[in-house]
Amino acid sequence: EPVKETAIALTKHINETAKRLENLKNETEFIIETKVKQVNDIGDQIAALNKQIYALEIDGNSANDLRDQRDLLVDELSKIVNVRGDESTDWKYKVSVSGITLVDHDYVTKMEYGPKDKDNINGPKELKWSNGNHINLRSGELKGLLDLVDGDGEDGKYRGIPYYQNKLDEFAKGFAEGINNQHKEGYGLDGSTGIDFFTMDEKNPAATIAVSNEIIEDLRKIAVAGGKTGGVEDNKNLLEIIALREDNEFFPDGMSKGNPDDFIKAILSNMAVDSMQAKRMKGTQEIVMKNILRRRQSESGVSIDEEIGNLVKFQHAYVSAAKMITTFDAILDVTINRLGLVGR
């Protein structure tokens, strides 16, 4: 009974971990869809401002307030995707993402996030333009989310959710097959043999691994004995199964080569390295952003000291001009109203 309950607890833990990873992937995909909608909405707003700015400035008027609004929208957009803004000599403004035009004056090319294969709506998704062309982002929140949901760790790719899903599937499949192969060599108390201890769906092993129904319904089918007539004192096959824990060839390939403990330790080690690297990258990026923001503000920002100095200077100029006008008014009053009596 303890063997069965422990095995059930293990399989349920693997199932729940697989489910949490799948839920995390679905939640990330939903966030991506929200970000794509946000990009399209900002594009529409920029296009509307472009039309207003063009209509005002083509007649020689100034549209500084509208330009400030557009700059804020481009700043907001730059947090989500890598963008570039260009203005032509005829006041028409263009915004591009990864070299492809998102906003061309008053026209917006929409982004989409959906299945790569339209005939397989549940298959892998990709970010693309409305014309079907794939979008390769270089930076921004959307790039990070896509790496998280697509990164399988292959060929230098980011180790995202699919990487850990694949590793969990690899562990579940390898563990079940390793135990089953040894379990089928032994005999149960009822003389049965060749029975799998674990069952699973080969296409989705981590989510479906479970203790065999035959074992759950009849504990006598647990193949403890090494021989058919070994009796209750024969635990040879059980000892062989236990020995698999230290078998360094249990998982023979890849970076997780070794026994089951080695496999799990390798996954946890990768996760720790990825976490530390992400924190370092975040810290470095924050420093870079602060430096860029400081340089930007030094060019376009307002200096309080300079503005106060100018305010005092202009105030003095105003007072001096007011005094000059008062003096001229007094001179004119004397000239017209008093000196004028002499000529009468």
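All of these numbers come straight from a predicted model, not from anything done at the bench.

> Could you give me a rundown of the overall build of the protein, with the residues and numbers involved?
Along its length, the protein carries nine helices and eight strands. For 344 residues, the compact-globule estimate of 2.2 N^0.38 gives 20 Å, and the protein exceeds it by more than 25% at 37 Å. In terms of its C-alpha atoms, the protein occupies a principal-axis envelope of roughly 150 × 45 × 35 Å. Across the protein, the fraction of contacts at a sequence separation of at least 24, relative to all contacts at a separation of at least 6, is 52%. Of the accessible surface of the protein, which amounts to about 22300 Å², a share of 54% is contributed by carbon and sulfur atoms. Distance between charge centroids for the protein: 5 Å, based on 45 positive and 59 negative side chains.

> With reference to specific residues and values, describe a nonpolar patch on the surface.
A grouping of Leu238, Leu239 and Ile242 is seen on the molecular surface, where their side chains present a nonpolar patch of about 260 Å² in accessible area. By the secondary structure assignment, Leu239 is in helix α7 (residues 236-243). For Leu239, a relative accessible area of 48% corresponds to the partly exposed category.

> Quick one: what's the story with the nonpolar core, residue by residue and with numbers?
Ile46, Val81, Met111, Leu127 and Leu142 are the most contacted members of the largest nonpolar core, which has 31 residues in total. Mapped onto this core, the elements with two or more residues apiece are α1 (2-57), α2 (64-80), β2 (93-97), β3 (100-104), β5 (111-115), β6 (125-129) and α3 (141-150). Considering each element in turn, this core owes the most residues, eight residues, to α1. Residues within four places of Val81 in sequence aside, it is in contact with Val39, Val97, Met111, Leu137, Ser139, Gly140 and Leu142. Within the second largest apolar cluster, 27 residues are counted, among which are Ala7, Ile14, Leu244 and Phe251.

> Requested: an account of unusual backbone geometry, with residues and values cited.
We note that Ser98 has phi near 55°; this positive angle belongs to a residue other than glycine. Tracing the backbone through its elements, the reader meets Ser98 in the loop between β2 and β3. Despite not being glycine, His105 shows a phi value in the positive range, around 60°. Judged by its relative accessible area of 10%, His105 is buried.

> Break down the pattern of salt bridges for me, with residues and values.
Here the idea is simple: oppositely charged side chains can pair when their charged atoms come close. Considering all chains together, one arrives at 20 salt bridges under this definition. Note that Lys4 is salt-bridged to Glu5, the shortest N-O span being 3.7 Å. The class of Glu5 is partly exposed, set by a relative accessible area of 39%. Across the salt bridge formed by Arg84 and Asp86, the nearest N and O atoms sit 3.1 Å from each other. Take Arg84: its relative accessible area is 54%, and that puts it in the exposed class. Several salt bridges converge on common partners, so that one network encompasses Glu57, Arg67, Arg70 and Glu87.

> Go over the packing of aromatic side chains with me, naming the residues and quoting the values.
Scanning all chains against the criterion turns up nine aromatic pairs. Their ring planes at 20° and their centres at 5.8 Å tell us that Phe171 and Phe251 sit as a pair that is stacked. With Phe171 in helix α4 (residues 161-183) and Phe251 in the loop between α7 and α8 (260-300), this pair connects stretches of sequence that are 80 residues apart. When sorted by exposure, Phe171 lands in the same class as Phe251, which is buried. With 5.1 Å between their ring centres and 50° between their planes, Phe250 and Phe251 make a pair best called tilted. Overall, Phe251 belongs to the buried group, its relative accessible area being 5%. A connected cluster of aromatic rings, assembled from ring pairs, spans Phe171, Phe175, Phe197, Phe198, Phe250, Phe251 and Phe263. Of note, Arg159 hangs over the ring of Tyr163, and the distance from its end group to the ring centre comes to 5.5 Å.

> Describe in detail the pairing of β3, supporting the description with residues and values.
Where β2 and β3 come together, four bridges link them in antiparallel fashion. The partner of Lys94 across the bridge, within β3, is Asp104. Connecting β2 to the antiparallel partner β3 that follows it, the hairpin turn spans two residues, and Ser98 within it adopts a positive phi of roughly 55°. Where β3 lies against strand β4 (residues 107-108), two bridges are found, and the strand directions are antiparallel. Bridge assignment links Asp104 to a residue of β4, and that residue is Tyr107. The antiparallel hairpin formed by β3 and β4 contains two residues in its connecting segment, where His105 sits at a positive phi of about 60°.

> I'd like to hear about the environment of Arg245, residue by residue, with values.
Residue position: Arg245 is located in the loop between α7 and α8. Separated by 14 residues in sequence, Arg245 and Asn259 place their C-alpha atoms 6.0 Å apart. Sequence-distant contacts of Arg245, defined by excluding residues within four places in its chain, comprise Asn259, Pro260 and Asp261. Among the polar contacts listed, one links the side chain of Arg245 to the side chain of Asp261, at a separation of 3.4 Å.

> Which residues make up α2, and what are the values?
Between its first and last C-alpha atoms α2 spans 25 Å; for 17 residues at 1.5 Å apiece the expected length is 24 Å, and the two agree. Here α2 has its buried residues at Leu66, Arg67, Arg70, Leu73, Val74, Leu77 and Ile80. Buried residues of α2 fall within an arc of 120° about the axis and therefore sit on the same side. Facing away from the buried side of α2 by over 90 degrees, the exposed positions are Asp65, Leu72 and Lys79. Where the residues of α2 are buried, they touch α1, β1 (83-87), β2, β3 and α3.

Conventions we followed
Residues numbered from 1 in each chain as written. Predicted model: local features only at pLDDT ≥ 70, side-chain atom pairs only at ≥ 80, totals over all residues. Heavy atoms only, no water. Helix = DSSP H or I, 4+ residues; strand = E, 2+ residues; numbered from the N terminus. Rg over C-alpha atoms; globule rule 2.2 N^0.38 Å. Contact = heavy atoms within 4.5 Å. Areas by Shrake-Rupley, 256 points an atom, 1.4 Å probe, with all protein chains shown as cover. Lys, Arg positive; Asp, Glu negative; His and termini not counted. Charge placed at Lys NZ, Arg CZ, Asp CG, Glu CD. Patch = residues over 30% accessible without salt bridge, like charges linked within 9 Å, V, L, I, M, F, W, Y side chains within 5 Å. Salt bridge = Lys/Arg side-chain N within 4 Å of Asp/Glu carboxyl O. Buried < 20%, exposed > 50% of the residue type's maximum accessible area, 1.4 Å probe, protein only. Core = buried A, V, L, I, M, F, W, Y, C linked by side-chain atoms within 4.5 Å. Phe/Tyr/Trp six-rings, centres within 6.5 Å; stacked < 30°, edge-to-face > 60°. Lys NZ or Arg CZ within 6 Å of the ring centre and 35° of its normal. Pairing = 2+ DSSP bridges. Polar contact = N/O pair within 3.5 Å; in protein donor to acceptor, adjacent residues only side chain to side chain. Expected span 1.5 Å × (residues − 1). Arc of directions from axis to C-beta.

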